[in-house]
Amino acid sequence: MHAPVPDRPASEPARVEVALGERSYPVLIGPGVRHRLPAEVARIGAQRVVVVSARPPEWTPDPGVPHRVVPARDGEHDKNLTTVEQLCRAFAEFGLTRTDAVVSCGGGTTTDVVGLAAGLYHRGVPVIHLPTSLLAQVDASVGGKTAVNLPEGKNLVGVYWQPRAVLCDTEHLGTLPQREWRNGYGEIARAHFIGAGDLRDRPVAEQIAASVALKARVVAADERDSGLRHILNYGHTLGHALERATDFGMRHGEAVGVGTVFAGRLAGVLGRIPADRVAEHHDVVAGYGLDTTLPGGVDHDELITLMRRDKKATSGLSFVLDGPGGVELVTHVPEVAVRTALAVM
């Protein structure tokens, strides 16, 4: 279900501010905003730039200062420490210093990997993100979480490293295959249940802006995931397990969509929400054209093992769930309840 890209002039992008005091930064959303990169590079005072791009040259903007373009490849299989080392070596070969900057141009995995490399190199150099997929624009590029995967689990190695600016150019979205739209809609669907409201019939730029505004509010209140920010992981515990169990045959947003339906089922099993709210989870996810059931062949025991390794699972099986007081992190969830919810998926 492609939402049309609105005809907002490139000179008037939507703007969301991530309010973090001296480290606050803008997120600009609209057609053509990638061409604002030279102005953002000048604003932060960078003299030289390394652009890490998973997009062809015609979609990789010139930062307006001496620079090197390092090719990248979107996808979970390059989201590892080997890629981070390769990027840091490229930064060193170019002579990048703390007064310079790194730019990412690509999807969510590229954003995560480049953000982590920027956060580690010289103990942190400025980074600007140009997210080019719907998934990256609504979620991965904003908030400062960076991470790579280990064989034991997803996003287990990372740091918090906030960007200096994020440029969400909706013209990039016209290049996406249908599956990449589905990948992004999984994150928009879960946003329905954590405060973004019903975005199903809104233009895509408004969906992006509403999702980013929600995330900006949460990040400003809880930058390092000590409380409120847990709500952004709605649907992600099973989602991450499904990605690993299918060897990333399921894309992140697709898995989060299924995980969101599961979160509703589990909350229902635990008596936290009524049947109509459980059904709403299914209806919203299905309304974005996403799968609502587990893929065939996945083993419930494996999924539970993987969910126990989730970063939030410090006190037994833990899930972000809806309830009478709103969405919250629920710890020590009985395994029998998890198995019951999985069985009806």
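Here, the structure is the one placed above.
Below you will find a few notes about this structure. Note that the structure is a prediction, hence the values are computed from the model and not measured.

Moving on, we come to the packing of helix α8 (residues 252–269) against helix α11 (residues 335–343). Interhelical geometry of α8 versus α11 gives an angle of 130 degrees and a closest axis separation of 9 Å. The orientation of α8 with respect to α11, classified from their angle, is oblique. Both α8 and α11 take part in a crossing whose hand is right-handed. When α8 is examined against α11, the residues Phe262, Arg265, Leu266 and Val269 are found in contact with a partner set consisting of Ala337, Val338, Thr340, Ala341 and Leu342. Classifying every residue of the contact of α8 with α11 gives seven nonpolar, one polar and one charged.

Core analysis: the largest hydrophobic core is formed by 66 residues, its most contacted members being Val27, Leu134, Met307 and Val338. Grouped together as the second largest cluster of nonpolar side chains are 20 residues, Val50, Cys88, Phe91 and Leu96 included.

Moving on to the side chain of Arg272. You can see Arg272 is positioned in the loop between α8 and α9 (275–287). For Arg272, the side chain forms a polar contact with the main-chain oxygen of Asp322, separated by 2.8 Å. In this structure, Arg272 is in contact with Ala267, Leu321, Asp322, Gly323, Pro324, Gly326, Glu328 and Val330, ignoring residues within four places of it in sequence.

Turning to the sheet that holds strand β6 (residues 127–131), a few remarks are in order. The mixed open sheet is built from seven strands, whose spatial order is β1-β2-β9-β6-β5-β3-β4. Only two strands of the sheet have a single partner each, and these edge strands are β1 (14–18) and β4 (67–71). Within this sheet the neighbouring strands show an average axis-to-axis angle of 15 degrees, counted without direction. Taken strand by strand, helix α1 (residues 37–44) contacts β2 (25–30), β3 (49–53), β5 (101–106), β6 and β9 (165–169), and its axis lies near 165 degrees from that of β6. The strands touched by helix α3 (residues 108–120) are β3, β5 and β6; relative to β5, the strand with the most contacts, the crossing angle is about 165 degrees.

About the cut-offs
Residues numbered from 1 in each chain as written. Predicted model: local features only at pLDDT ≥ 70, side-chain atom pairs only at ≥ 80, totals over all residues. Heavy atoms only, no water. Axes fitted to C-alpha atoms, helices over the stretch in contact; angles between N-to-C directions. Helix = DSSP H or I, 4+ residues; strand = E, 2+ residues; numbered from the N terminus. Parallel < 35°, antiparallel > 145°, perpendicular 65-115°, else oblique. Left-handed = near helix turned anticlockwise from the far one by under 90°. Contact = heavy atoms within 4.5 Å. Nonpolar A, V, L, I, M, F, W, Y, C, P; charged D, E, K, R; others polar. Core = buried A, V, L, I, M, F, W, Y, C linked by side-chain atoms within 4.5 Å. Buried < 20%, exposed > 50% of the residue type's maximum accessible area, 1.4 Å probe, protein only. Polar contact = N/O pair within 3.5 Å; in protein donor to acceptor, adjacent residues only side chain to side chain. Pairing = 2+ DSSP bridges.

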